[in-house]
Structure formats: C-alpha cells, structure tokens
Amino acid sequence: MVKKYKVGLIGAGGVTELHLEGYKDQTDRVEVVAICDSNSEILKERADKYGIPQRFTSLEDFIQFSNVDVAIVCTPTSIRKDIVFPLIEAGLPVFVEKPFSDSLEEATEIVNKANQHKIPISVNQNFRRHYPFELVRRIVEEGVIGSVNQIIFNEIFFRQDQGWRLNCERHAMSVMGIHWFDGFRLILDSAPKSIACLTRSASVINCVGETEATVQIAFENDSIVTYVQSFSSTYGKNEMIVIGEKGTLICNHTSVKLYQKGEREPVQTWENKVSREEATFEGLNQLLTSLETGIEAKNSAIDNLKTVSLLDAAYLAANENRIVTFKQGALI
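Note that this is a predicted model, so its numbers are computed, not measured. Numbers given to residues run from 1 along each chain, matching the order in which its sequence is written. Local features in a predicted model are, by the rule used here, given only for residues with pLDDT of at least 70; side-chain atom pairs are given and counted only at 80 or more, and totals for whole chains, interfaces and linings are based on all residues. Neither water nor hydrogens contribute to the side-chain values; these are computed over all heavy atoms in the structure.

Novice: Is there a simple way to think about the packing of helix α8 (residues 172-188) against helix α10 (residues 301-320) in this case?
Specialist: Between two packed helices, what matters for the description is the angle formed by their axes and the separation of those axes. In this analysis an axis means a line fitted to C-alpha atoms, helices contributing only their contacting stretch, and an angle means the value between N-to-C directions, from 0 to 180 degrees. For the purposes of this entry, the term helix denotes a DSSP run of H or I that reaches at least four residues, the term strand denotes a run of E that reaches at least two, and both are numbered from the N terminus. The geometry of α8 relative to α10 is characterised by a closest axis approach of 9 Å and an angle of 125° between their N-to-C directions. Taken as axis vectors, α8 and α10 run oblique relative to one another. The two elements α8 and α10 meet at a crossing, and its hand is right-handed. Facing A172, M173, S174, I178, F181, D182 and R185 of α8, the residues of α10 in contact are D303, N304, K306, T307, L310, L311, A314 and Y315. For the contact of α8 with α10, a count of residues per class yields eight nonpolar, three polar and four charged. Working rule for angles: under 35 degrees goes down as roughly parallel, over 145 as roughly antiparallel, 65 to 115 as roughly perpendicular, anything else as oblique. Handedness of a crossing follows from how the near helix is turned relative to the far one, being left-handed for an anticlockwise turn of less than a right angle and right-handed for a clockwise one. By definition in these notes, contact holds between two residues if any of their heavy atoms fall within 4.5 Å. We call Asp, Glu, Lys and Arg charged. Ala, Val, Leu, Ile, Met, Phe, Trp, Tyr, Cys and Pro are nonpolar, and the rest, Gly among them, are polar.

Encoded structure:
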C-alpha cells in the first residue's frame, strides 16, 4: 500500500505553481491541504485555483492548525531560517526550494538545527532530472566515455527578474548556478579542490547582484569544470560538453549525444524529457520515501551543503579576487 501524505505550502508566489502542478496528478501519494502566505490576495488566488481548503496568513497558525505531515517551503531565501526553524521545532519534515539558503553559514545552521531535532529536510534540486545530470552520471558510471577530463558548461540568455530577487546581492549564480553546481558534483562524484570566479552586473538588467559569471573548478579526481552564465545575452544558448578519455557527450535540456573519435555524427543519443514539475514531485517523493525507510534521501539538506559550499566559494572567490581552496571538500 502506498502511503498518502498531507502537505502544506508556505509561500504562494510563482515557484509554488511548479509544486502544485507537479503534485496535482499524484493524489495517491500527496494531498495538498493547506497554504500559507502573508499576502492574502495571492494566497486566495493560488488556493482557489488549486482547490486548497486551508488558508493561513501566519506561520504560527499554519503550524498549529493545518495538521500537515510535511511542510513545503517556497519563500524567498532572505527569510528561509525564520520559516524553517519554527517548522523544525514543531517536528515537521521540510521540503525546501533551492537555493537551500543564501549562505553556507546559514545552511549549516539549519542542518544542525534539524539534526538536533531529528527532522529530515530535502532540497528541490529538480534539475538533477529536468536537466540530464542523472542520465550523464549513469553514462559515466557505465564507462561509456571513460574518466571525465573536463566539463564545459555555457548558459547565456536574457532574463529580467522581478520582485524580491532584484535586491539580492547574489543573483545569477544563486538563481541558476545552484542547479549547475549541483549537477557538476553529481556527475563527477568528487569533492572540489579549488574554485576561481569572476562576476559583473550588466547595466541592461535591473538588479543589485551579478548577471554575468565565469567559474572554474578543479575537483579531486582531476576533472576540471568551466561554467559561464549570462542573464544579459540577446542570444540564447544552453550546452554542456562532457569530455572523457573515450568519448564526448554534448548535452542540453532534452538530449545527450555521444561523439567518438573519428565520427562526425553522434553514435548514440539519449532523450531526457522530464519536466520541472515532474522532477519536483520526484524530489518530494525522495523525502517521503526517506520518512518511510529511515534512509537519508539523496536530495537531503546534508547533501545539499556540498552544493551550497560551491556556490558560497564562487562568491568568495569573486569578491576577494582570489582562488578559493578546499580540504576534503570543506572551504579553507
């Protein structure tokens, strides 16, 4: 018998629809019974659209009266700890949007708090499936391209955000880089040795934080990653090239193509058509499964500290104009 969980969302902004769309066809596993947001207008709009019966404008009331099994946090990262701490103290398992936190220090605080109370937390790194990171990981594990020498990742497009993100000191890498950092470490299954980063903010984009970033990461398995991000490009491109000893993979959101020596055309193609919504439910289900088995979820907050560590180190390298080094995966 599949166990069904009552879940409630804190935050009714745009990202909440990603969750609600992903859960609406999973009624044998998830029932959305409550939603909470201090903005009563957007709260009503979201609750009416998805037929959510319980509506709260205060976190305290949500915790006391919603009777949920799991809380899903979709609030801005600037108030992440203020939301997650009371949920942990109330004994509620948490599924939280990425980035897990604005800083490694705060993310570590949250993990320590959760460990103290023995409360599991998972992070919605839905691009592990939406982008073909897990697929590439399997291909690499099967030895198809041999050991990985280098990953070259470019994402350039035009993106003008609205709302709370405009005033964040961390922007492009926090919005999109958090996915890519997570994917790199997933593919390589190795700890970082060092990271260098350059950033700038383009005048054509209205925001406080960076819109451009170039990052280089050296990993302990001797793989190198070069990552370029732009939110100001009038030309759009997303491509990941994974160069191995025996072959090269060319990847985008929907496919992975294998090229081998002497071949002008791909010798094999894998499709990857997993929506962000579907992958978001899968992420939540990893948390639910961990509640049932007692086995730590692959997308646990403990694991995600390693991703946040890369993000934090990239900003540190850019701000201090130096190469940041790691020892056994930890910043030094």
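Let us keep going from here.
Novice: Would you mind showing me how to read the pairing of strand β12 (residues 248-251) here?
Specialist: Walk down a regular strand and you will see the side chains alternate between the two sheet faces. Only one face of β12 is buried: it carries L249 and C251, and the other face, with T248 and I250, is open. As paired strands, strand β11 (residues 232-244) and β12 are joined by four bridges and run antiparallel to one another. Paired with M240 across the two strands is C251, which belongs to β12. With antiparallel pairing between neighbouring strands as the criterion, β11 and β12 make up a hairpin whose turn holds three residues. Exposure is judged per residue with a 1.4 Å probe applied to protein chains only, and the accessible area is read against the type maximum: over 50% gives exposed, under 20% gives buried, and values in between give partly exposed. One requirement defines pairing of two strands: DSSP has to find at least two bridges between them.

Novice: What exactly am I supposed to notice about the sheet that holds strand β4 (residues 70-73) here?
Specialist: Backbone hydrogen bonds hold the strands of a sheet together, and the pairing may be parallel or antiparallel. Pairing is parallel in the open sheet, where six strands are placed in the order β3-β2-β1-β4-β5-β6. Each of the sheet's edge strands pairs with one partner strand only, and the pair in question is β3 (54-56) and β6 (121-124). Strand-to-strand twist in this sheet, taken as the mean axis angle between neighbours without regard to direction, amounts to 25°. Looking at chain direction, strand β1 (residues 5-10) and β4 are connected through four bridges and run parallel.

Novice: Can you walk me through the nonpolar core in this structure?
Specialist: In summary, soluble globular proteins display a tendency toward joint burial of nonpolar side chains. The criterion is simple. A nonpolar core is a set of buried Ala, Val, Leu, Ile, Met, Phe, Trp, Tyr and Cys residues joined through side-chain atoms within 4.5 Å. Residues M173, F181, F184, I195, M240 and L249 are the most contacted members of the largest nonpolar core, which totals 46 residues. Excluding residues that lie within four positions of it along the chain, I195 makes contacts with F181, V215, Q216, I217, L310, A313, A314, A317, R322, I323, V324 and F326. Ranked by size, the runner-up nonpolar core spans 30 residues in total, among them I10, V33, I88 and V94.

Novice: Teacher, can you tell me more about the sheet that holds strand β7 (residues 148-158) here?
Specialist: Taken together, 10 strands build an open sheet; the order of strands is β14-β13-β12-β11-β7-β10-β9-β8-β15-β16 and the sheet is mixed. Across the chains shown, the open sheet's two edge strands, defined by having one partner strand only, are β14 (268-271) and β16 (330-331). Where β12 lies against strand β13 (residues 255-259), four bridges are found, and the strand directions are antiparallel. The partner of T248 across the bridge, within β13, is Y259.

Novice: What is the right way to read the layout of surface pockets from this model?
Specialist: Left-over empty space is what a probe sized like a water molecule reveals as it rolls over the atoms. Here a cavity is any set of points on a 1 Å grid over the protein atoms alone where a 1.4 Å probe fits but cannot get out, and a pocket is any open set with protein on both sides within 12 Å along at least 5 of 7 lines; a residue lines the site when it has an atom within 4 Å of a point. Grid points are joined across faces, edges and corners, and a volume is the space filled by probe spheres set on the points. Considered as a void within the structure, the largest pocket measures approximately 820 Å³ in volume. In terms of lining residues, the largest pocket is bounded by 40 residues, among which G13, G14, V15, C74 and W164 are the most central. Elements that contribute at least two residues to the lining of the largest pocket include exactly α1 (14-23), α4 (80-89), α8 and α9 (276-293). There is about 680 Å³ of room inside the second largest pocket. Every residue lining the second largest pocket is counted, 27 residues in all, and those nearest its centre are R128, R137, R185, L186 and D303. For the lining of the second largest pocket, the elements supplying multiple residues, two or more each, are α6 (127-130), α7 (133-141), α8, α9 and α10. Per-element accounting of the lining of the second largest pocket gives the leading share, five residues, to α10.

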